[in-house]
Amino acid sequence: MDTAIEPTAGQDERRPVNVTVTVNNQPVILPGRELTGLEIKQAAIAQGVPIDTGFQLSVKRGNGRYEVVDDDEQIRVHPNQEFLAVPPDDNS
């Protein structure tokens, strides 16, 4: 007799966590809490934000300043975090 063992409440279940952030003032739902800069841009593009993967991504920090996030840089995101993506030749 084959019996499937199912996890019960209280056991370590890893559920995907969606985090909503903004990219260029548009809401983007990210599939997890730790992503690379490239993964954040790809999620934004898939959800209709008019950017491309060549754009430079920055994250808004507590002091109101933006800090560049490289494509291969892993970043821990939190709800309502603000990102800005601009073409690489835009110095604004």
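Predicted model only: the values in this text are computed from it and were never measured.

A.B. asks: For this particular structure, what's the right way to read the overall build of the protein?
C.D. replies: On a plain count of helices and strands, the protein comes out with one helix and seven strands. Walking the protein from its N terminus toward its C terminus, one meets helices and strands in the order β-β-β-α-β-β-β-β. For the protein, buried positions account for 28% of its 92 residues. Of all intrachain contacts in the protein linking residues separated by at least 6 positions in sequence, the fraction that spans at least 24 positions is 48%. Split by element, the accessible area of the protein, about 6,500 Å² in all, is 47% carbon and sulfur.

A.B. asks: Would you take a moment to explain the sheet that holds strand E1 (residues 19-23) for this structure?
C.D. replies: Sheets are built from strands paired through backbone hydrogen bonds, the pairs being either parallel or antiparallel. Read from one edge of the open sheet, five strands run E2-E1-E7-E4-E5, paired in mixed fashion. At either end of the open sheet lies a strand with only one pairing partner, and these are strand E2 (26-30) and strand E5 (66-69). Taken pair by pair, the neighbouring strands of this sheet meet at an average axis angle of 35°, ignoring direction. When strand E4 (residues 56-60) meets E5, the two strands line up antiparallel, connected through four bridges. Across the sheet, serine 58 pairs through a bridge with valine 68, a residue of E5.

A.B. asks: Help me understand the confidence of the model for the protein, please; the structure alone is not making it clear to me.
C.D. replies: The predicted coordinates ought not to be read in detail in places where the model reports low pLDDT. Mean pLDDT over the protein: 87, with 79% of residues reaching 70 or higher. Long-range and interchain partners of residues 1-12, a stretch whose pLDDT sits below 50, account for two contacts in this model, where long-range means more than four residues apart.

A.B. asks: Quick question: what am I supposed to make of the pairing of E4 here?
C.D. replies: Both faces of the sheet carry side chains from a regular strand, because those side chains alternate between them. In the sheet, E4 pairs with strand E7 (residues 82-86) via four bridges, with the strands oriented antiparallel. Within the sheet, the bridge partner assigned to valine 59 lies in E7 and is phenylalanine 83. Taking the residues between adjacent antiparallel strands as the criterion, E4 and E5 are bridged by five residues, where glycine 64 takes a positive phi near 85°.

A.B. asks: Please explain the pairing of E7 as it appears in this structure.
C.D. replies: As paired strands, E1 and E7 are joined by two bridges and run parallel to one another. Along E7, the bridge assignment pairs valine 23 with phenylalanine 83.

Conventions and cut-offs
Residue positions are counted from 1 within each chain, in the order its sequence is given. Owing to the predicted nature of the model, reporting of local features is limited to residues with pLDDT of at least 70; listing and counting of side-chain atom pairs is limited to 80 or more, with chain, interface and lining totals taken over all residues. In computing side-chain properties, one takes all heavy atoms of the structure into account and sets aside hydrogens as well as water. Each helix is a run of DSSP H or I of at least 4 residues and each strand a run of E of at least 2, with the numbering of both proceeding from the N terminus. Note on exposure labels: buried denotes an accessible area under 20% of the residue type's maximum, exposed denotes more than 50%, and partly exposed covers the range between, all computed with a 1.4 Å probe on protein chains only. Any two residues having at least one pair of non-hydrogen atoms within 4.5 Å are treated as being in contact. The method behind every accessible area is Shrake-Rupley, applied with a 1.4 Å probe, and residues are considered shielded solely by the protein chains displayed. When DSSP finds two or more bridges between a pair of strands, those strands are recorded as paired. All axes here are fitted lines through C-alpha atoms, helices being fitted over the stretch that makes contact, and every angle between N-to-C directions spans 0 to 180 degrees. On a range of 0 to 100, pLDDT expresses the predictor's confidence in each residue.

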